[in-house]
Amino acid sequence: MATCNGNGAPKFSSKLQVEAIQTVIPMKITDPRLSRRVVLPDTFHSGDLQRRFHMVLYYNKASETDSGWIVAGWFKESLGSAIVENPIFAGRLRKLEDDNINSNGKFELVSNDSGVRMMEANYPKNMDDFIDYKKVENVENELVYWEDIHEISPQFSPLFYVQVTNFKCGGYSIGISCSLFLADPFAMTSFLKSWSNIHNNLVSQIDAPKIPSFYTPNFTKIGSSQNLSITSPKTKKQITKTFIFKNPKMKLNNNESLKNLASKCIGEIEGKIGKKNSSNFTFLVKENFENIKMEYCSREEIIKKENGLLSIVLANWDDLGANKVRFIEGNKAIHISYWIINGENNQDLVMISPTHDEDNHELNIIITISN
């Protein structure tokens, strides 16, 4: 297996070159369309629309014929097939017809086949150097494309982005950006695992060509494109820390019990970091697979007398199982990064959602605080 060998960690400037941007739509029309109701506070901050999850998976060059260009070339077909099974990932957020700019608050997610935005990029540095340098400088936002959701006309804004970045050494990264209204980190990782299985089945077919039809180097001269800012300038430097807990028994039908659960988790966090979190929280609950509700809560509304009967288990990003996302059989990601952006108002986030395993009825409690 070929590897990327870095030669120290030079100072990086933004030299990412975007070579291709396209939209991947489902391979067949979604009928009937799926929808999810999204209820926001009447006075919601427009920055709340920008809350999102990012993941970057780094892969070494698996063989002499492997490259990010090859992998991305097959994505047009494999991703198009994957979102047939999960059409909401190709959907959009839209205001309900009886809503208006002043009342805000009522939205829905619709699987309208508008598609996933995909970018292919080139970074003229070695991947190992980049991984080393990101430990001291917040540069990883270069690897995850995101355009802010339009406040007035959100139906035109993608909610899911994929960015494949090719490094000088032959290694490549796959960057994921996903609105938290579309999927929480567990749901997104579950989708990625399903997609990677579909991808491997596609490229392993006996009659599959060695070079995919959508192979960008066949259509453009790599390295000749202009540099492009690819992340929202309002939030790209935001630094957060996320804590993950699990509860094995509680149901989502009692808002007061969920706040008690959040209170216990926040208490655990404050004990670890040695200080109190913010005085206000954004409380995002996926009540079921059809309803999402967000509300603003003061610290006093959440932090109450602890219920000793509540059971929580501290988890971490590894519990997502993203190491199983392999777009080439046997080629495991050498490094994976995860983070959540809290939006422009930077208010601490409490997100509660059910697990997406039919045989498992756990609740996932994900709390993201600003550093």
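Our structure's up above, just so we're on the same page.
All figures in this text were calculated on a predicted structure; none of them were measured in a lab. (Residues numbered from 1 in each chain as written. Predicted model: local features only at pLDDT ≥ 70, side-chain atom pairs only at ≥ 80, totals over all residues. Heavy atoms only, no water.)

Along the backbone of the chain there are five helices and 15 strands. Across the 371 residues that make up the chain, the buried fraction comes to 57%. The long-range fraction of contacts in the chain, counting pairs at least 24 apart against all pairs at least 6 apart in sequence, stands at 80%. Carbon and sulfur atoms make up 47% of the accessible area of the chain, which amounts to about 16,600 Å² in all. (Helix = DSSP H or I, 4+ residues; strand = E, 2+ residues; numbered from the N terminus. Buried < 20%, exposed > 50% of the residue type's maximum accessible area, 1.4 Å probe, protein only. Contact = heavy atoms within 4.5 Å. Areas by Shrake-Rupley, 256 points an atom, 1.4 Å probe, with all protein chains shown as cover.)

Where burial is concerned, most of strand 13 (residues 335-341) is hidden: six out of the seven residues are buried. In the sheet, strand 3 (residues 52-59) pairs with strand 13 via seven bridges, with the strands oriented antiparallel. Bridged to Phe53 within strand 13 is Ile340. (Pairing = 2+ DSSP bridges.)

In this section: the pattern of salt bridges. What the rule picks out here adds up to seven salt bridges. In this structure, Asp48 and Arg51 form a salt bridge, with 3.0 Å as the shortest nitrogen-oxygen distance. Residue Lys246 is joined to Glu362 by a salt bridge in which the shortest nitrogen-to-oxygen separation is 3.5 Å. Taken as a pair, Lys246 in strand 9 (residues 240-247) and Glu362 in the loop between strand 14 (348-354) and strand 15 (363-370) lie far apart in primary sequence, 116 residues in all. Judged by relative accessible area, which is 15%, Lys246 ranks as buried. (Salt bridge = Lys/Arg side-chain N within 4 Å of Asp/Glu carboxyl O.)

Turning next to the sheet that holds strand 9. Strands sit in the order 4-5-2-11-10-14-15-9-12 across an open sheet of nine strands; the sheet is mixed. Strands at the two margins of the open sheet, each flanked by one partner only, are strand 4 (92-95) and strand 12 (313-315). Between one strand axis and the next, the sheet turns through 20 degrees on average, direction left out of account. In this fold helix 3 (residues 185-203) packs onto strand 9, strand 14 and strand 15, with an angle of close to 115 degrees to the strand it touches most, strand 15. Contacts between helix 4 (residues 255-273) and the sheet are confined to strand 9, strand 10 (280-286), strand 11 (291-298), strand 12, strand 14 and strand 15, with strand 15 contributing the most and set at about 50 degrees to the helix. (Axes fitted to C-alpha atoms, helices over the stretch in contact; angles between N-to-C directions.)

Read from one edge to the other, the open sheet built from six strands follows the order 1-6-7-8-3-13, with strand pairing classed as mixed. Strands at the two margins of the open sheet, each flanked by one partner only, are strand 1 (17-24) and strand 13. On average, each strand axis in the sheet is inclined to that of its neighbour by 15 degrees, with strand direction left out of account. When strand 6 (residues 116-123) meets strand 7 (residues 160-167), the two strands line up parallel, connected through seven bridges. Pairing of Asn122 across the sheet is with Asn166, part of strand 7. Helix-sheet contacts for helix 3 involve strand 3, strand 7, strand 8 (172-179) and strand 13, and the interaxial angle to strand 3 is about 40 degrees.

Once that is clear, we can look at the side chain of Thr165. Relative to the helices and strands, Thr165 is located in strand 7. On the basis of relative accessible area, Thr165 is assigned to the buried category, the value being 0%. Of the polar contacts made by the side chain of Thr165, one reaches the side chain of Gln163; its length is 2.9 Å. Residue contacts for Thr165: discarding those within four places in its chain leaves Leu16, Ala121, Tyr123, Leu143, Gly171, Tyr172 and Ser173. (Polar contact = N/O pair within 3.5 Å; in protein donor to acceptor, adjacent residues only side chain to side chain.)

Our next topic: the side chain of Asp66. Following the sequence through the fold, Asp66 ends up in the loop between strand 3 and helix 1 (68-85). One buried charge, Asp66, has no salt-bridge partner; the nearest side chain with opposite charge is Lys61, at 6.3 Å. At 2.8 Å, the side chain of Asp66 forms a polar contact with the backbone nitrogen of Ala62. Of the polar contacts made by the side chain of Asp66, one reaches the side chain of Tyr172; its length is 3.3 Å. (Lys, Arg positive; Asp, Glu negative; His and termini not counted.)

Our focus in this paragraph is the packing of aromatic side chains. Overall, the coordinates contain 16 aromatic pairs when judged by the stated rule. For the ring pair Phe53 and Trp317, a centre distance of 5.7 Å and an interplane angle of 25 degrees mean the geometry is stacked. In this pair, Phe53 is assigned in strand 3 and Trp317 in the loop between strand 12 and strand 13, connecting sequence segments 264 residues apart. The class for Phe53 is buried, based on a relative accessible area of 0%. An aromatic cluster of three or more residues is present, and its members are Phe75, Phe89, Phe160, Phe191, Trp195 and Phe327. (Phe/Tyr/Trp six-rings, centres within 6.5 Å; stacked < 30°, edge-to-face > 60°.)

Right, let's talk about helix 4 for a bit. Across its 19 residues, helix 4 extends 27 Å between first and last C-alpha, which sits within 8% of the 27 Å expected from 1.5 Å per residue. Buried within helix 4 we find Leu258, Lys259, Asn260, Leu261, Ala262, Ser263, Lys264, Cys265, Ile266, Ile269 and Glu270. For helix 4, the secondary structure elements touched by its buried residues are strand 9, strand 10, strand 11, helix 5 (299-302), strand 14 and strand 15. Once helix 4 ends, the next one or two residues include Gly274, with phi positive near 75 degrees. (Expected span 1.5 Å × (residues − 1).)

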